[in-house]
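Report on the structure
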Amino acid sequence: ARRQAPVRSSPLPGHPGRPETPTTIDLHGRNREEAVAALDAFVNDAILAGHSRVVVIHGRSGGRVKHAVDRRLKDLPVHAFHVDASNPGVTIVDL
């Protein structure tokens, strides 16, 4: 007979079995396309989890990923976003 997997308690109300959704994503080492795809999924999950603010770490070198992140955030359903004043490699996003 097959054993059933144990039922885990839900870390998020209304999301049975869904793992806790992070509030930070690190896009280091990704190209623009990979970064935008990861950003889309991250923002979607954060909105569904009910987060009001998230952090996107894109780094400073070259600025290609940062510019891709900025362009994409303009098209996503976010309230506002800005570069962290103390770290230009980080963007703060208000959902």
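Shown above is the structure to which this text applies.
In what follows, the accompanying structure is described. Treat the numbers as computed from the prediction; the structure is a model and nothing was measured.

**Things to note about the overall build of the protein chain**
When you go through the protein chain residue by residue, the secondary structure sums to 2 helices and 4 strands. Along the chain direction, N to C, the helices and strands of the protein chain fall in the order β-α-β-α-β-β. Counting every position in the protein chain, which comprises 95 residues, the buried fraction comes to 33%. Taken as a whole, the protein chain presents about 6,400 Å² of accessible surface, with 50% of it coming from carbon and sulfur.

**Remarks on the pattern of salt bridges**
Should their charged atoms come close, side chains of opposite charge can pair. Within the structure shown, the criterion is met by 3 salt bridges. A salt bridge links Asp40 to Arg72, with the nearest nitrogen and oxygen atoms 2.6 Å apart. Of the two residues, Asp40 sits in helix H1 (residues 32-49) while Arg72 sits in helix H2 (residues 64-75), which places them 32 residues apart along the sequence. Accessibility expressed as a relative area gives 25% for Arg72, which makes it partly exposed. Two residues, Asp70 and Lys66, come together in a salt bridge whose shortest N-O distance is 2.7 Å. Highlighted residues: Asp70 and Lys66, both in helix H2, separated by 4 residues, approximately one helical turn. One exposure class covers both Asp70 and Lys66, and it is buried.

**Thoughts on H1**
The periodicity of an α-helix, 3.6 residues per turn, causes residues three or four positions apart to be oriented the same way. Helix length check: H1 (18 residues) gives 25 Å between terminal C-alpha atoms against 26 Å at 1.5 Å per residue, within 8%. Residues of H1 that are buried: Ala35, Ala38, Leu39, Phe42, Val43 and Ala46. What you see down the axis of H1 is that its buried residues fit within an arc of 135 degrees, all on one side. Where the residues of H1 are buried, they touch strand E1 (24-26), strand E2 (53-57) and H2. A distance of 3.0 Å separates the backbone nitrogen of Glu33 from a side-chain oxygen at the start of H1, and that oxygen is part of Asn31. Positive backbone phi, at 85 degrees, marks Gly50, one or two positions downstream of H1.

The rules behind the values
- All residue numbers refer to positions counted from 1 along the written sequence of the respective chain.
- The predicted nature of this model means local features are confined to residues of pLDDT at least 70 and side-chain atom pairs, given and counted, to a pLDDT of 80 or more, with totals for whole chains, interfaces and linings taken over all residues.
- Side-chain descriptors were evaluated using all non-hydrogen atoms of the structure, hydrogens and water having been removed beforehand.
- The way it works is that DSSP assigns letters per residue, a run of H or I at least four long becomes a helix, a run of E at least two long becomes a strand, and they are numbered from the N terminus.
- When accessible area is computed with a 1.4 Å probe and restricted to protein chains, residues below 20% of their type maximum are described as buried, those above 50% as exposed, and intermediate ones as partly exposed.
- Computed by Shrake-Rupley with a 1.4 Å probe, the accessible areas treat only the displayed protein chains as cover when residues are assessed.
- Note on definitions: salt bridges are taken to be side-chain nitrogens of Lys or Arg within 4 Å of carboxyl oxygens of Asp or Glu.
- Expected helix span is given by 1.5 Å per residue-to-residue step, counting one fewer step than there are residues.
- The arc in question is formed by the directions pointing from the helix axis toward the C-beta atoms.
- Any two residues having at least one pair of non-hydrogen atoms within 4.5 Å are treated as being in contact.
- Counting of polar contacts relies on pairs of N or O atoms within 3.5 Å, with two restrictions inside protein: one atom must be capable of donating a hydrogen and the other of accepting it, and residues adjacent in sequence are counted only when both atoms are side-chain atoms.

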